[in-house]
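# Summary of the model geometry
Residue-level listing of the chains:
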There are 2 protein chains.
Amino acid sequence: MSNRRTPSARERVSLRAVAELADVSVATVSRVMSHSSHPVAEETRKRVLEAAERLGFQPNQLARALVTARSQTVGVIVHDISDPYFGELVKGLEDEIRADGYRLFVASSDRNPERELEYLRAFDAYQVDALVFAASALEDADYRREVETLVGRFESRGGITLVLSDHFAAGHRVQFDNRAATAAMVDYLVDRGHRRIGFILGPPDLTVSNHRHEGFRRALERRKLSYDPALVAEGSFSIEGGKRAAMQIVSAGEPTAIFASNDLMAIGAIRALLDNGYRVPEDVSVAGFDDMLLAEYAPVPLTTVRVPTYDIGREGAILLRRILAGEDVEDVRLVGEIVERRSVVAPPA
Amino acid sequence: MSNRRTPSARERVSLRAVAELADVSVATVSRVMSHSSHPVAEETRKRVLEAAERLGFQPNQLARALVTARSQTVGVIVHDISDPYFGELVKGLEDEIRADGYRLFVASSDRNPERELEYLRAFDAYQVDALVFAASALEDADYRREVETLVGRFESRGGITLVLSDHFAAGHRVQFDNRAATAAMVDYLVDRGHRRIGFILGPPDLTVSNHRHEGFRRALERRKLSYDPALVAEGSFSIEGGKRAAMQIVSAGEPTAIFASNDLMAIGAIRALLDNGYRVPEDVSVAGFDDMLLAEYAPVPLTTVRVPTYDIGREGAILLRRILAGEDVEDVRLVGEIVERRSVVAPPA
DNA sequence: CTGAAAGCGCTTACAG
DNA sequence: CTGAAAGCGCTTACAG
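Residues numbered from 1 in each chain as written. Chains lettered and ligands numbered in written order. Predicted model: local features only at pLDDT ≥ 70, side-chain atom pairs only at ≥ 80, totals over all residues. Heavy atoms only, no water.

## Focus: the protein's contact with DNA strand C
Lining the immediate surroundings of DNA strand C are 28 residues, of which A:Arg31, A:His38, A:Pro39, A:Thr44 and B:Ser30 lie closest. The sugar-phosphate portion of DNA strand C accounts for 62% of its atoms within 4 Å of the protein, the bases making up the rest. A distance of 2.3 Å separates a phosphate oxygen of DNA strand C from a polar side-chain atom of B:Ser30. At the level of elements, helix H2 (26-33) and helix H4 (61-68) of chain A together with helix H2 (26-33) and helix H4 (61-68) of chain B are the ones that each hand at least two residues to the surface near DNA strand C. Counting residues per element, the surface near DNA strand C draws most heavily on H4(B), which supplies five residues. Here the surface near DNA strand C is composed, by residue class, of 14 nonpolar, ten polar and four charged. (Near = heavy atom within 4 Å. Polar contact = N/O pair within 3.5 Å; in protein donor to acceptor, adjacent residues only side chain to side chain. Helix = DSSP H or I, 4+ residues; strand = E, 2+ residues; numbered from the N terminus. Nonpolar A, V, L, I, M, F, W, Y, C, P; charged D, E, K, R; others polar.)

This is the structure we're talking about:
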């Protein structure tokens, strides 16, 4: 009488249990639970539903995915999920794709090629229906080669790939022209009278950093301003990096404005400048890039380039839905705009 | 000669293909690919590995999970992945659990009971090995009942549940005492001479909001200060909410300090106060809660309660690893501390 | 409208 | 050390 059944017995309620209780075949249960178009008598359907309810039946998606070859999952690669840029993008993606029944794997590469590749392989192994590159490409030859063959295999299996960043991977894309947006901010600064403009670079091994850098150089050229290496420093897209880079530029180059290629670095720059006795924007103007949620609440409200992060995610999800529905789609192009706040004014006389 | 094989043919490389190429059974291939302890001759292993390499074989995790009843995935529920609080927590979790081969599903409930339940059911359907409640419980009777039965079913199936927030769900937990930490900040304020302290509440349907509110009331009581409803307003854990609440409190209650129950609201409060001609902290002090990355870079560097968000995630992952390894574990307790910056001083004379 | 059966891609006793 | 076979929990032609 004792021990016939341990209390910790793993009870997995399967189609079969429901079928037995409802006294029908598993095929029939499957049809009603998966909302198949195959006809089922109303009375039968009711019995099945009741049995499923009573047993607390939850169809096993792994089994379903295995046979249908559709997992209803998507894998998204970000650099760092604690970076608000990626949080907002993923939120946009999730908000839009949720209703279609897709679930998200999210993975932070930490800009480490090995790590990103490991995640890409894992996503492939989990048979995600789509691979999303929310993170910029890394500039590394081995990485490039590996990504190309992985994505190639993935697509030959019927997977779809979506690029939401400056990444070389072949696939559908939501484009944001980082070069043009960077150049637009340089124009804005020059138009206000700045001639000595410092620039804080992102990590050099990121494609997006290089694109923004190119935008900066080209705009300078177009405006007949020379590119002075003393005015350029690396800030690794972080607050601390922004602080260091700003102090370096200010002590070596006497800029009237500093343009940080993301908001985190701009915020660091403002803080460092303020703490070292510079007035912002009176002594030196500071501009950012991204317009993250908190840009408005920086030590000085930040004038920056708005990247529609949430919408990039959202438009990506819309694209995905249409592709999965078999539609022919075109890439989407999103543009930036300059948000004027208080961190930029004309240079001191 | 044409059309024998469309270029888009879905080529899924399976164990069987590798077995054929290596001229062994699928059992043998399985053993080498899954690093089984079952012995395989060195020469055979080599042949299998080569064949797998040549074909670009990637084991199908869905199939593996189906038979082993271990998916190597965990599902985490947050309120909003674009909120840095959750981003940091998820990062801590991911950084630590990654090496064990676990992958993360992440889902934002938007504090909507239906939505959270939908995600919980989905995670169950995907056979996650663990369910992680990173988000506080919602105060809703139906929600409570449903969560309890879902979690019950999940655990009876052998799933493990991990609670990293103020949530009633039964399971292993990493605890942070929100009541005590809130009370500590009240003590800090009172010790500096404040008697009229405003309080900005989080959303009332969140357990964590209520716990912080309780901490506030109790500390007041302990310090023999009365609870004045004119000094309390709701701010929904958002910047905008913090702005509104701060102005409401300041115009109705003449506080010398405002304690916002999260940093986002504190930042909103500071900005609103500043923009309305109040000096912070000279006219009114402002304290926050969380110590998010950007708290130091608020319009006035924020004095706040540090919640070890990243570590909560990290400790959760460590707990998870030990549980999955079959160890007996105890809940973890993490404590807050007050981080003094520039937004709090003694009240004006 | 219903069901028996094959099969998705793996793992794992069991036998040799 | 190797393999044949059953089975994980589903779906889906196929037959009736």
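The discussion continues.
## A few points about the interface of chain B and chain A
The interface is formed by 63 residues belonging to chain B together with 63 residues belonging to chain A. Taken together, the two surfaces of chain B and chain A that pack against each other cover about 5,800 Å², and 57% of this comes from carbon and sulfur. Together, B:Leu62, B:Tyr126 and B:Tyr297 form the three largest contributors to the area buried by chain B at its contact with chain A, with a combined 14%. At the boundary of chain B and chain A, one finds ten salt bridges. B:Arg342 is the salt-bridge partner of A:Asp275, the closest N and O atoms lying 3.2 Å from each other. Across the contact surface, chain B and chain A share 22 residue pairs in polar contact (both at pLDDT 80 or more). Listing elements by their share of the side of chain B that touches chain A, those giving two or more residues are H4, helix H5 (84-97), strand S2 (103-108), helix H6 (113-125), helix H7 (141-156), helix H10 (239-253) and helix H11 (263-275) of chain B. Looking at the side of chain B that touches chain A residue by residue, the class counts come to 27 nonpolar, 13 polar and 23 charged. (Contact = heavy atoms within 4.5 Å. Buried area = accessible area lost by both parts, 1.4 Å probe. Salt bridge = Lys/Arg side-chain N within 4 Å of Asp/Glu carboxyl O.)

## A few points about the protein's contact with DNA strand D
Around DNA strand D there are 27 residues in total, and A:Ser30, B:Arg31, B:His38, B:Pro39 and B:Thr44 lie nearest to it. Looking at DNA strand D alone, sugar and phosphate atoms form 63% of those within 4 Å of the protein. Take A:Leu15: an N or O atom from its main chain is 2.7 Å from a phosphate oxygen of DNA strand D. Within the contact set of DNA strand D, a phosphate oxygen lies 2.7 Å away from a side-chain nitrogen or oxygen of A:Arg64. Among the elements of the structure, H2 and H4 of chain A together with H2 and H4 of chain B are those that each provide at least two residues to the surface near DNA strand D. Per-element accounting of the surface near DNA strand D gives the leading share, four residues, to H4(A).

## A few points about unusual backbone geometry
Here the amide bond leading from A:Val280 into A:Pro281 is cis, since omega sits at 10 degrees, within 30 degrees of zero. Residue A:Ser236 is not a glycine yet carries a positive backbone phi of 50 degrees. The exposure class assigned to A:Ser236 is partly exposed, which follows from its relative accessible area of 25%. If you check the backbone angles, B:His35 has positive phi at about 50 degrees while not being a glycine. Residue placement: B:His35 occurs in the loop between H2 and helix H3 (42-55). Taking the relative accessible area as the measure of exposure, B:His35 reaches 69% and is therefore exposed. (Buried < 20%, exposed > 50% of the residue type's maximum accessible area, 1.4 Å probe, protein only.)

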